Every structure is written in C-alpha cells, then in structure tokens.
Amino acid sequence: KCQIFRLNMAEAKILLKEARKAVDENDFDVAITKCKEVLRVDAKNYMALVLLGMALRGDERAFVAFKKAISLKGSNPLAYQGLAKAYENEGSAESLKASLEVYYKISSFPGCNELSVFKSFHEVALRIDDANARDGIFNNLLDGETDAIKKDKLISLIVGILKTSKNIPGVQSLVLYNKIIGAIEKPDSDFLKKYFDCILNVEGHESALNKFWELQN
C-alpha cells in the first residue's frame, strides 16, 4: 500500500523555517530534504519552491523551481530575485542577459529596493562581453517601457553603464545611443565621447564628424 503523507499548516511552517535556516547556514542538502517534504504533500507551496531553488543553486532544477513559483504567484518578487541570482551565478552570456531582464522586472515591484536592484543590474551588465548583445537587451527594455518616469530612470541607469563599459560597441549599440541622445536634453561630455566612439566604430569617421556638427547647432 502507498503511504499517505499529511502535513498540517503548523508542521509545514516548521519545515519551511528549518529549510530557511539551513539555506542561511549553507546546509543545502538539509534544506532540499525539508522543502521536498513539504512539496510531497503540497506541490504548489510557493515558499517551498523558492527555498528549494535557493538550495539547488546552480542545478538546472533550481530554474524549474523558481519558474514554477513565479507561475503560482507572479506578483511576488521573491522567486524573481532567486531566478535573477541563479542566472547571474550560472554566468553564461545568455544567462547574464536573462538576468538583466529579470532584475529589471523586479524593479517594477512596489516597495522594491530599487537602488539595490539597479546596482545588481549594473554589475551584471558590465560582465557581458558582447556590448552589441547587451545593448540589444537595453533597446528591448526601453521599447517595452511605457511609464515615462521608469523610462527616465532606465535611461539614467543605461547611461551610467555605457560610460563605464570598455567593450567594443556594435550596430545595436548605435541604435541605443541614438535613442538616448534623442531622449536626454543635455548629454555630458563623457557620454558624447562614448557616442562618437560608437559612431566611429560602426559607421566611420565621416558619420561621426557629421553628427558632431549636427549636435553643435
């Protein structure tokens, strides 16, 4: 006969508390066991899925756990935070780009620590070696942002990244620079230098010179 497992709410709460403590102490095997005990009888337990994803760390199953939690409570940022960190820790170019998109999603949640989220966004962006691919993500984020205040914040964040980046720009980079130049009233000299460097790299000396004289008028 199959054994029937039952947990009452109090027992599940204790197991989740123990799982949280185990994650904090890097005792991941214990955390995984505790989470699975809860999920065995409540497969849709949001916190058990989030903690399981945290405990699984770089394992592919961590992404599955976080995404399932998001499908259950898309308005809760916890699983998004775990997913962003998992992508960041995985470290491939595609995962870093995915991490950028998730971090930006987190910034839209009410009450989020925007400064902390944008700091993570900035750090991940600078780890992407392919500036053209990174700037393609930025273009998509700008095109998808309909809130004017959020768009201004995103532009400020991207400007800071572009001024710090040492990667070789590409076509997507030039598209991005042109969008920003059209959106900000008085770009500073450091940003303009980066802009002209981008034009030189993508379109050549003559285009950069023409744009320089255009901006002086």
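Draft legend 1. The arrangement of the pattern of salt bridges in detail. For the coordinates displayed, the defined rule picks out 13 salt bridges. Two residues, Lys153 and Glu114, come together in a salt bridge whose shortest N-O distance is 3.1 Å. With Lys153 in helix α9 (residues 148–164) and Glu114 in helix α7 (residues 114–127), this pair connects stretches of sequence that are 39 residues apart. Between Lys119 and Glu123 there is a salt bridge; the shortest N-O distance is 2.6 Å.

Draft legend 2. Focus on the side chain of Ser95. Checked against the element boundaries, Ser95 lands in helix α6 (residues 93–106). Here Ser95 is in contact with Tyr87 and Glu90, once residues within four sequence places are set aside.

Draft legend 3. Fine view of the side chain of Ser99. The topology assignment puts Ser99 in helix α6. Residue Ser99 is classed as buried on the basis of its relative accessible area, which comes to 0%. Within the structure, Ser99 has its side chain in polar contact with the backbone oxygen of Ala84 (distance 3.1 Å). Apart from the residues lying within four places of it in its own chain, the contact partners of Ser99 are Ala84, Tyr87, Glu88 and Val124.

Draft legend 4. Molecular detail of the confidence of the model for the chain. The predicted model of the chain has a mean per-residue pLDDT of 92, with 97% of residues at 70 or higher. Put simply, helix α12 (residues 205–216) is where the chain has its lowest mean pLDDT, 85, and helix α3 (residues 46–56) is where it has its highest, 97.

Draft legend 5. Region of the structure containing the nonpolar core. The biggest cluster of nonpolar side chains holds 67 residues, and the ones touching the most others in it are Leu100, Phe121, Phe138, Ile158 and Ile180. Ranked by residue count, the leading element in this core is α3, at eight residues.

Draft legend 6. Up close: the environment of His122. Tracing the backbone shows His122 in helix α7. Of the residues examined, His122 reaches a relative accessible area of 22% and is grouped as partly exposed. Spatially, the C-alpha atom of His122 lies 41 Å from that of Met9, the residues being 113 residues apart in sequence. Other than its neighbours up to four places away in sequence, His122 contacts Leu157, Gly160, Ile161 and Thr164.

Draft legend 7. Spotlight on the packing of helix α8 (residues 131–144) against α9. Orientation of α8 relative to α9, taken along the N-to-C sense of each, is 165 degrees, at an axis distance of 11 Å. By the angle class used here, α8 and α9 are roughly antiparallel. α9 is crossed by α8, and the crossing has left-handed handedness. In contact with Arg134, Asp135, Phe138, Leu141 and Leu142 of α8, α9 contributes Lys151, Leu154, Ile155, Ile158, Ile161 and Leu162. Classifying every residue of the contact of α8 with α9 by side-chain character gives eight nonpolar, no polar and three charged.

Draft legend 8. Inspection of the packing of aromatic side chains at higher detail. Applying the stated criterion across every chain, the model contains nine aromatic pairs. Their ring planes at 35 degrees and their centres at 5.3 Å tell us that Tyr177 and Phe191 sit as a pair that is tilted. You can see Tyr177 sitting in helix α10 (residues 171–183) and its partner Phe191 sitting in helix α11 (residues 189–202), a full 14 residues away along the chain. Relative accessible area serves as the criterion here: at 1%, Phe191 is assigned to the buried category.

What counts, and at which threshold
- Residues numbered from 1 in each chain as written.
- Predicted model: local features only at pLDDT ≥ 70, side-chain atom pairs only at ≥ 80, totals over all residues.
- Heavy atoms only, no water.
- Salt bridge = Lys/Arg side-chain N within 4 Å of Asp/Glu carboxyl O.
- Helix = DSSP H or I, 4+ residues; strand = E, 2+ residues; numbered from the N terminus.
- Contact = heavy atoms within 4.5 Å.
- Buried < 20%, exposed > 50% of the residue type's maximum accessible area, 1.4 Å probe, protein only.
- Polar contact = N/O pair within 3.5 Å; in protein donor to acceptor, adjacent residues only side chain to side chain.
- pLDDT = per-residue confidence, 0-100.
- Core = buried A, V, L, I, M, F, W, Y, C linked by side-chain atoms within 4.5 Å.
- Axes fitted to C-alpha atoms, helices over the stretch in contact; angles between N-to-C directions.
- Parallel < 35°, antiparallel > 145°, perpendicular 65-115°, else oblique.
- Left-handed = near helix turned anticlockwise from the far one by under 90°.
- Nonpolar A, V, L, I, M, F, W, Y, C, P; charged D, E, K, R; others polar.
- Phe/Tyr/Trp six-rings, centres within 6.5 Å; stacked < 30°, edge-to-face > 60°.

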